[in-house]
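# Summary of structural features
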Amino acid sequence: MVVEEVVSVVIHKLTNLLAEESKTFEKVRDEVQKVLAELSKIQSNLNKAEHQEQSNKELLFLEKVYRVADAIEFFALAETYLKRKGFVKKHSLVIANEFKLCREVPDVMDYSDNISRLKSEMKRISKQVPEHEDGIPSLALAQDQGSQPLRRHEQAFQYSDAYYAPNKEKTIFKKDVEKLLKQLTSSSKLLQIISVFGEVGIGKSVHVKTIYNKLEVNKKFPCRALVVMNTKWSVRHLMMAILQQVTGLKVKEKLKDEVLRGRLHGFLKGQKYLIVIIDVKSRELLEDLRGALPDAYNGSRVAITTSNEEAASFADASSRYHFKPIGIEDGLKFFISKKWGKKGSPFSPHNMEDLKNKIAESCQGTLLRIALLAGLLSTKEERYEEWSRVFEQRDFATKSPSFDILVFCYNDVPMHLKPCLLYLALFRKGFEIPVRRLFRLWLAEGFVKPSRGIVPEDIVEGYLEDLVKRNMVEITKRRSDESPKKCRMIGALHDIFLPRALKIGLFHLHQKSDEHSNAVAEHRFGVRRVVEYTNIKDYSTSKAFNPNIQSYISFNGRKKDMPAEEVGRFLKTIIGVRGFGLLKVLDLEGVYRPRLPKNLGNLFHLRYLGLRWSFLDTLPSSLGGLLYLETLDIKHTHITTLPSSVWDMKHLHHLCLNGARLDISAQSTKHRGPSQLQTLWGLFVDEKIARKIGSTLSRMTNLRKLDITRQSSSTITTIMTTTTATTSTTTTTNHSTSYEEIGSWISLLSSLQSLRLRSKDKMGRPSELIIKPLSRLGNLSQLYLLGHLRESVSWYQIPPGLKVLTLSVSKLGEDPMPTLSQLPNLMVLRLLAASYVGQEMHCPKNGFPALRVLKLWKLEELQILTMHEGTMRKLHTMEIRSCRKLKELPLSLLQIKSFDNLVLTNMPNSFVHAIRRKKKKHTKIVENEYDC
């Protein structure tokens, strides 16, 4: 992200702000729009610029761009503050020092002062901007007119095989991997330190991580750690990271190096351990670490990966593996696997021969470069003539020694994606980012360009798809329906893009002084995004640092007995004496019990409030002042109630709760509610709330994800004694009318994609679940139902698009398989405890055409499972738990070609032995003798 990307984001954010606050900007609209028009003109010139190095002149212009944004956003916030406080004549706000400092002044000013100051600031900037129109260099290559990038962001998002298909790519370094695996699991008792050497992007780390996660390796080493090195880490950082992983405890930062070394040595001494260290930079670091690695003669292992040849020659290394650049033929095979997979190339042999030579010439035999080239070409039309235009561009054609395909591929990334890509670098290298979190941060930061008729959440999914398609971001974990759950930036790219993001002030990393520092960017551009890796109490509180902060994201995990009180003090400095702050993102996910200021609601333009896994008990009462909030995430906290002012948040898109009650006052029925709400997860509804919440919920017609737990009616038990016997009569007080209304509302949510409904009594036990037929939910992909169902499965008319279905304590008396087997897209079926209480299950011919995973848990009466020809042809995993009356599995199931994994938990030995005799060789059985 260089100047043109910064300008693009600023224009987009400010244009949105003008639209959202049209009345606020009514008297200054001309001045603001003139400046934005001038920035747009320069942006157009920048897009046509040739590839040059970043210059000081470019950075000077960047300062002015940031100043425009600061002035306009401060104006909007000051107006909001003035209107809310009502200080029209008695008290007002003076914005001074280029809108950076504010103070209260009595009986002097009114709103006109704020307006006149913004007008003068815009005029002054407008005079300075034109001098930058010409001659500003850019790091972005000119777009080739004949080759257009994929424009998925302009279309509704569609799932694609390239994005979601499981990666079963075969390793290029098969022999090396086999040798390394054999050495790690050998019977040798001596401690062995193994170095894996190869240049950046060759694929060494990926292969070592794969070995680390293998089942036989997991069983061999009870004590394990995998650490991805930060570029600037010392041996101290490394020892802390290893100690934290092997002990599971947060390590005190103030411990001296020798104390850390002693503690690590002491803990490992009695353990059989495997430690993998990715991206070691120097031999000295390994020599410093060696004293902390005891040899207990029990077969412990240490494996390192490095691109530093000297580090690979570490004296204590038992063996070395050199991953060399792959040959021209292997390079072509790898390219084909990344681009077309099993389908193979559609081009002629002559064209493929030419392509092979160009791949070898530009990628130098490294897997990363080949993957990036394949990703770049995947965004072009699949015609060889179209691809040839890419290779004919100047940087390719000149064959310059300084040419690097990594830079070329980055420059080809569309401008709207570059800030999203660089933003990934604020997460630590190797950190698996929840896709849910990333999407909502991108949206809150203003990186997503709206498109008429398309929901922003669909656009942002397309952004990630494009970056994955380009092989710059990898999906590290998928949900059961194979949609992405976690992702991360490719490690080698993280090392390249992090310094670039710091240089232009995209964010500031608050961490140890000997790690990354972007002090120059801090002072030149101010600090806009603070990313905390160490205690924020050490952060500078000077005025030069705080006024422009728009995002505060913390990764400072700690022991669960130390509330993060310093968070509140830091937020108070942001709000300051002016009474408000520019903060748009406050992400404290995983920070233990952060202390939030009482005037949190004065962060008027806050878009994202992430408190997941913070274990907070309450929120400030001023929460209702956050009228622009888009995401409120309090999942995995102890917060059980929220004020009714939540319904005033018209911009709220995602509300993630933890079984919380939403306060519904008498006036709440008049509230329109957040009509744009797409996620309502973790709502708890009892009878009292159900009677009042119906009308409010009925206005939420755009929901995509819904999770409601209802508390059923109270149960009264009466004891009757007669001369012959004592009997117990249970009477259920029925107040189901309100729940019926909620069920009717749910059945009409045509946009719903994920639905979880649970019904429990006051003791927390599953009870009757009231739902309506689901036939209208054409977009429903995931369904989870907990509670007794009144009817058979067929009555609920489950939509055919369903991919994941979970039933628990449904107490179905009729076999659900004949109905469920007809769902053409069902990939995962979980029939959990008491979901079916019958004795027999029959799967009809050619049923379950898409099923991959089947789980049968605690079906205590099930005895017979039969499968007819062609059923579950794509099944690869089955789990059977505590179905102790089940006699056997059908032979046709065990012979399915794709059936790889069978997990048996708490099943009779006779059942397990019978399965082992019948199964195919490729089917692995994992047997657990306990019920977890």
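First things first, this report covers the structure right here in the doc. (Residues numbered from 1 in each chain as written. Predicted model: local features only at pLDDT ≥ 70, side-chain atom pairs only at ≥ 80, totals over all residues. Heavy atoms only, no water.)

## Observations regarding the side chain of Glu-532
Test applied: Segments assigned H or I by DSSP are reported as helices when at least four residues long, segments assigned E as strands when at least two residues long, and all are numbered from the N terminus. Two N or O atoms form a polar contact when they lie within 3.5 Å of each other; inside protein one atom must be a possible hydrogen donor and the other a possible acceptor, and for residues adjacent in sequence the pair counts only when both atoms belong to side chains. In this analysis, two residues are considered to be in contact whenever any of their non-hydrogen atoms come within 4.5 Å of each other.
Locating Glu-532 in the fold gives a position in strand β12 (residues 529-532). Side-chain polar atoms of Glu-532 contact the backbone nitrogen of Ile-536, separated by 2.8 Å. Excluding residues within four positions of it along the chain, Glu-532 makes contact with His-510, Tyr-552, Ile-553, Ser-554, Phe-555 and Asn-556.

## Observations concerning the packing of helix α20 (residues 435-445) against helix α21 (residues 456-469)
Worth spelling out the cut-off: Geometry is summarised by axes, namely lines fitted to C-alpha atoms with helices restricted to the contacting stretch, and by angles between N-to-C directions that run from 0 to 180 degrees. Here roughly perpendicular refers to angles of 65 to 115 degrees, roughly parallel to angles under 35, roughly antiparallel to angles over 145, and oblique to all remaining angles. By definition, turning the near helix anticlockwise from the far helix through less than a right angle yields a left-handed crossing, and turning it clockwise yields a right-handed one. Here the term charged refers only to Asp, Glu, Lys and Arg, the term nonpolar to Ala, Val, Leu, Ile, Met, Phe, Trp, Tyr, Cys and Pro, and the term polar to all other amino acids, Gly among them.
As a packed pair, α20 and α21 sit with axes 10 Å apart at the nearest point and diverge in direction by 115°. What the angle tells us is that α20 and α21 run roughly perpendicular. In the packing of α20 onto α21, the handedness of the crossing is right-handed. Contact residues: Val-435, Phe-439, Trp-442 and Leu-443 in α20; Pro-456, Glu-457, Val-460, Glu-461, Tyr-463, Leu-464 and Leu-467 in α21. Considered class by class, the residues forming the contact of α20 with α21 number nine nonpolar, no polar and two charged.

## Here's the deal with the environment of Gly-375
Summarising the element assignment, Gly-375 is placed in helix α15 (residues 367-378). Sequence separation of Gly-375 and Cys-409 is 34 residues, and the distance between their C-alpha atoms is 8.5 Å. For Gly-375, the residues in contact, after removing those within four places along its chain, are Lys-469, Arg-470 and Asn-471.

## Quick notes on the packing of helix α25 (residues 687-698) against helix α26 (residues 737-746)
Two elements in contact, α25 and α26, have axes whose closest approach is 8 Å; the angle formed by their N-to-C orientations is 30°. Relative to α26, the element α25 lies roughly parallel. As for how α25 packs across α26, the hand of that crossing is left-handed. Contacts from Glu-687, Ala-690, Arg-691, Ile-693, Leu-697 and Ser-698 in α25 reach Ser-738, Tyr-739, Ile-742 and Trp-745 in α26.

## A few points about the sheet that holds strand β9 (residues 473-478)
Selection rule: Pairing between strands is defined by DSSP: at least two bridges between the two strands are required.
In space, the three strands of this open sheet follow the order β8-β10-β9, with antiparallel pairing throughout. Sheet topology places β8 (433-434) and β9 at the edges, where each strand pairs with a single neighbour. Strand direction decides the pairing type here: β8 and strand β10 (residues 484-489), joined by two bridges, are antiparallel. Of the residues in β10, the one forming a bridge with Ile-433 is Cys-487. Set on the sheet, α21 makes contact with β9 and β10; between it and β9 the angle comes to about 110°.

## Side note on the environment of Gln-863
Its location among the elements puts Gln-863 in the loop between β30 (853-857) and β31 (864-867). Remark: the alpha-carbon pair of Gln-863 and Gln-839, spanning 24 residues in sequence, is separated by 5.2 Å. Contacts of Gln-863, omitting those with residues within four sequence positions, involve Gln-839, Lys-885, Leu-886 and Lys-887.

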